[in-house]
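Structural features, examined
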Amino acid sequence: MISRMIKMDLHSLITKKSVWIAIILFFVISLLNYEFLKSEEPIGNPYYIPSPAFHYFVSAQGGGSGFLFVFLPLLVAIATGDLFIRERNSSYLMFSIMRTDIITYIRSKIISIGICSALIMALSQILLLSYTLIVFPVNLPDPSGTVPYFAENIYLNSPLLYCLILILNSSAMAFFMGTLSILLSVILDNLYAAILAPYILFIGLSETLMSAPLIYDSNLSYALYSLSPLVMSGDYITIEYSWWVVLIYWIILTIIIALLTILVFNKKYKREKLI
Amino acid sequence: MDTNIAIEFKNVTKRISNNTIFKDVNFSIYKGETVGIIGTNGSGKTTILRLAAGLSYATTGEIYVFGEKLIPGFTGNLAKDTAALIETPHFLPYWSGFNNLFHLSKIKNYINKKDIENTMNKVGLDPQSKKKVRAYSLGMRQRLGLAQAFMEKPSLILLDEPTNGLDKEGVQLFSALVEDAKKNDSSIIFVSHNDNEIIQFCDRVFKIENHLLFEEETYINLKIKINKSEDIINILKLKPESYMDTSSDDETVMIVPISKNSSQAFLNKLNKQNIIYEIIQE
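Heads up: these notes are all about the structure in this document. One numbering rule holds for all chains: residues counted from 1, following each sequence as written. Key to labels: chains lettered from A, ligands numbered from 1, both in the order written. Per-residue local features of the predicted model are confined to residues with pLDDT of at least 70, and side-chain atom pairs are confined, for both listing and counting, to 80 or more; whole-chain, interface and lining totals are unaffected and use all residues. Side-chain metrics rest on all non-hydrogen atoms present in the structure, leaving aside hydrogens and water.

**Some points on the sheet that holds strand β6 (residues 82-85) of chain B**
Residue and element names in this part refer to chain B. This is how it is decided: Strand pairing follows a simple DSSP-based rule, namely that at least 2 bridges must link the two strands. In this text, helices come from DSSP runs of H or I with a minimum length of four residues, and strands from runs of E with a minimum of two, each type numbered from the N-terminal end. Axes here refer to lines fitted to C-alpha atoms; in helices the fit is confined to the stretch in contact. Angles between the N-to-C directions go from 0 to 180 degrees.
One open sheet holds the 6 strands; their spatial order is β6-β7-β8-β3-β9-β10, and the pairing between them is mixed. Where the open sheet ends on each side, the last strands, each with one partner, are β6 and β10 (212-216). Each adjacent strand pair in this sheet contributes to an overall mean axis angle of 20°, direction not counted. In the sheet, strand β9 (residues 204-209) pairs with β10 via 5 bridges, with the strands oriented antiparallel. Each residue of the ladder has a partner; that of Lys207, found in β10, is Phe214.

**Considerations on the pairing of strand β2 (residues 19-30) of chain B**
Residue and element names in this part refer to chain B. Direction of pairing for strand β1 (residues 5-16) relative to β2: antiparallel, over a ladder of 8 bridges. Following the sheet pairing, Ile7 is matched in β2 by Ile29. In textbook terms, the turn of a hairpin is the stretch between consecutive antiparallel strands, and for β1 and β2 this stretch comprises 2 residues, one of which, Ser17, has a positive phi near 55°.

**Looking at the interface of chain B and chain A**
Inclusion rule: Contacts are assigned to residue pairs that have any heavy atoms within 4.5 Å of one another. We define a salt bridge as a contact between a side-chain nitrogen of Lys or Arg and a carboxyl oxygen of Asp or Glu at a distance within 4 Å. N or O atoms closer than or at 3.5 Å make up a polar contact, with two conditions inside protein: a donor-capable atom paired with an acceptor-capable one, and, for residues adjacent in sequence, both atoms drawn from side chains.
On the side of chain A, 31 residues touch chain B, which itself brings 35 residues to the contact. A salt bridge links A:Glu272 to B:Lys14, with the nearest nitrogen and oxygen atoms 2.8 Å apart. Along the contact surface separating chain B from chain A lie 14 residue pairs in polar contact (both at pLDDT 80 or more). Within the residue set of the side of chain B that touches chain A, elements represented by two or more residues are α1 (45-53), β6 and α2 (97-108) of chain B.

**Overview of the side chain of B:Asp231**
All names here are of chain B. The condition that has to hold: Buried residues are those whose accessible area, probed at 1.4 Å on protein chains only, stays under 20% of the maximum for their type, while exposed residues exceed 50% and partly exposed ones sit between those limits. Charge convention: Lys and Arg are scored as positive, Asp and Glu as negative, and His as well as the terminal groups of each chain are ignored.
Looking at where Asp231 falls in the secondary structure, it is placed in helix α7 (residues 231-238). The buried charged residue Asp231 lacks any salt bridge, with Lys228 as its nearest oppositely charged partner at 4.7 Å. With near-sequence residues (within four places) excluded, Asp231 lies in contact with Ile226, Ile275 and Ile276.

**Quick word on the pattern of salt bridges**
Between side chains of opposite charge, pairing is possible as soon as their charged atoms come close. Taken as a whole, this structure holds 18 salt bridges over all chains when the rule is applied. The partner of A:Asp189 in a salt bridge is A:Arg88, with the nearest N and O atoms 2.8 Å apart. In this pair, A:Asp189 sits in the loop between α9 (159-187) and α10 (191-210) while A:Arg88 sits in helix α5 (residues 83-88), placing the two residues 101 residues apart along the sequence. Note that B:Arg204 is salt-bridged to B:Glu215, the shortest N-O span being 3.3 Å. You can see B:Arg204 sitting in strand β9 and its partner B:Glu215 sitting in strand β10, a full 11 residues away along the chain. The class for B:Glu215 is partly exposed, based on a relative accessible area of 44%. One network of salt bridges, in which partners are shared, links A:Asp9, A:Glu87 and A:Lys109.

**Thoughts on the sheet that holds strand β5 (residues 68-69) of chain B**
Neighbouring strands of a sheet are bound in pairs by backbone hydrogen bonds; such pairs are parallel or else antiparallel. All names here are of chain B. Read across the open sheet, the 4 strands follow the order β2-β1-β4-β5; overall the sheet is antiparallel. Two strands in the sheet have a free side with no partner beyond their single neighbour: β2 and β5. Strand direction decides the pairing type here: strand β4 (residues 60-65) and β5, joined by 2 bridges, are antiparallel. Its bridge partner lying in β5, Val65 is registered against Glu68. Contacting β1, β2 and β4, α1 runs over the sheet at an angle of about 120° to β1.

**Observations concerning the packing of helix α2 (residues 17-39) of chain A against helix α7 (residues 102-135) of chain A**
Residue and element names in this part refer to chain A. As a reminder of what qualifies: In this scheme, a crossing is called left-handed if the near helix is turned counterclockwise away from the far one by less than a right angle; it is called right-handed if the turn is clockwise. In this count, Pro and Cys sit with the nonpolar residues alongside Ala, Val, Leu, Ile, Met, Phe, Trp and Tyr, while Asp, Glu, Lys and Arg are called charged and the others, Gly among them, polar.
As a packed pair, α2 and α7 sit with axes 11 Å apart at the nearest point and diverge in direction by 35°. Crossing geometry of α2 relative to α7 is assigned as right-handed. In this structure, α2 contributes Val19, Ile23, Phe26, Phe27, Ser30, Leu31 and Tyr34 to the contact, and α7 contributes Ile120, Ser124, Gln125, Leu127, Leu128, Tyr131 and Thr132. Residue classes in the contact of α2 with α7 are distributed as 10 nonpolar, 4 polar and no charged.

**Quick look at the environment of B:Asn164**
Residue and element names in this part refer to chain B. Tracing the chain through its elements places Asn164 in the loop between β7 (156-160) and α5 (168-183). A relative accessible area of 38% means that Asn164 is categorised as partly exposed. With 29 residues separating them in the primary sequence, Asn164 and His193 have C-alpha atoms 9.8 Å apart. Apart from the residues within four sequence positions on either side, Asn164 is in contact with Thr88 and Gln142.

**Here we look at the packing of helix α6 (residues 92-99) of chain A against α2(B)**
The line we're drawing: Here the angle decides the label: under 35 degrees means roughly parallel, over 145 means roughly antiparallel, 65 to 115 means roughly perpendicular, and every other value means oblique.
Direction vectors running N to C along α6(A) and α2(B) enclose 25°, while the axes themselves pass 8 Å from each other. With respect to α2(B), the axis of α6(A) lies roughly parallel. Considering the relative orientation of α6(A) and α2(B), their crossing is right-handed. Across the interface between the two elements, A:Tyr92, A:Phe95, A:Ser96 and A:Arg99 of α6(A) pack against B:Asn100, B:His103, B:Leu104, B:Ile107 and B:Lys108 of α2(B). Its residues assigned to classes, the contact of α6(A) with α2(B) shows 4 nonpolar, 3 polar and 2 charged.

**Considering the nonpolar core**
Applicable threshold: What is meant by a nonpolar core is a set of buried Ala, Val, Leu, Ile, Met, Phe, Trp, Tyr and Cys residues, joined one to another through side-chain atoms within 4.5 Å.
A:Phe150, A:Phe265, B:Phe9, B:Phe150 and B:Leu159 are the most contacted members of the largest nonpolar core, which has 155 residues in total. Ranked by residue count, the leading element in this core is α9(A), at 15 residues. Every residue in contact with B:Phe9, bar those within four places of it in the chain, is listed here: B:Val25, B:Asn26, B:Phe27, B:Ile48, B:Leu51, B:Ala52, B:Glu62 and B:Ile63. Counting 13 residues, the second largest nonpolar core, distinct from the first, contains B:Ile232, B:Phe266, B:Leu267 and B:Ile275.

**With respect to empty space enclosed by the protein**
The criterion, for reference: Points on a 1 Å grid, built from protein atoms alone, make a cavity when a 1.4 Å probe fits but cannot get out and make a pocket when they are open with protein on both sides within 12 Å along at least 5 of 7 lines; residues with an atom within 4 Å of a point are the lining residues. Grid points are joined across faces, edges and corners, and a volume is the space filled by probe spheres set on the points.
Enumeration over the complete set of coordinates arrives at 2 cavities of 30 Å³ or more. In this model, the largest cavity occupies a volume close to 80 Å³. Of all the secondary-structure elements, those providing two or more residues to the lining of the largest cavity are α2, α4 (68-80) and α7 of chain A. Classifying every residue of the lining of the largest cavity by side-chain character gives 8 nonpolar, 3 polar and no charged. By volume, the second largest cavity amounts to about 40 Å³. Along its surface, the second largest cavity is lined by A:Met1, A:Arg4, A:Met5, A:Met8, B:His103, B:Lys106 and B:Ile107. Along the lines of polarity and charge, the residues of the lining of the second largest cavity split into 4 nonpolar, 1 polar and 2 charged.

All we've got here are geometric facts, nothing functional implied.
Printed below as a string of structure tokens:
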């Protein structure tokens, strides 16, 4: 059932214009970020050595001059945010449920949309990395230059592996956003509200947590800041986390949202507000 | 439990908030039977279909489909081998009709692309057309909905106003679909406001009135050819509502509207009066 649902949702993604719009936007924002990073390079310095490709790719993800991480959740919402709500607002949900059962349906749908969201993100990031490796010099990072705090050793010794870890983390974030979009599509009826609400919630919650240190100066406030979703989308490279922390963070959040989605789906179905 | 019963409602009551839709509904439908449900708007006809499909919950009572008790909800079970077309169907707009049906068929994986193409042809839709469903007319969507309900040859089919939006050709195609389903021993429950459809397709008819469900007399149009034109008067005496079949060139063909239950008694009377006749169509 899950594999068939994944095939169906992948087919949907290929035929939808919004997916291509999201991928194009991803590249536009990435290239703008690269131009911004280039503008910060001391080109006039006679001893200037161009930054390696890995520096550009990693810096664009977050921290300091990188701003791609702010838009990544929005791009996921545009690409896959309407997959469930279109089924719900049509007879397709009823036709699908009658061919299986409720729990199999919603479980398969969560996994399917999550995987599709993660795949779109991974594909976009891999294409960006490939572009970066072609356009910029491929050298090992300079330990005396700007080095991210996150999994620093891996960055210095295996920068390609490091980039793949970042791609894995952003794919996990995309899986989470896909699941969140299903939850909000169960709660909301309106198509456009269901597409945008996950991003608005994502940013709103992040801003709330990130402003904790401004309100109260304590270790807890800084912990809340560090654990906000927006920071964990890309800005975490400025924090001394081990390589697995961000991945586990998104897995735990995804499981919580998935369970909540199943509960809310069941409740709405029982109250006959879903079909 | 009788293994010939496709679906059985036992003392089913449905209330929504403080409104009673219907109470103590009891009926059974046998395998291969086609049953109609009629009633005024808001009487609960569609609710009965939703209950049978497991999409709605009975307030009290039990529903059995092919011997298995329906327990809706998360840890429950929905009606197996059942298809439904409830209200005007809306498909995924960015796909063609074929793709919509293809992905639905993949859930159970009983049928292949050829079966879907055959079903689409039977409802008068072109399976090769790339036209997206968003460009479909109401009639086309209804045909696609019918294809969705019939394509996997389910044992129980639930239809809500199935000919809604269909033109004359569409109704004829629907009629052929129903005949095919009957040959496959499928049971069909359908809700309609159209009395002619009810008479044409149904073996039995139920009516919902004043929150209760009861079985209605089923009327048929008995078409008989009589030998002597003098017997026309005798038949009119027995059944004043009879009339000549003006669509036939033969001036001795009569149509006798009669309830199914009393048709045999009527024919017996004809025999007693030595009226020679030939049944052309029931």
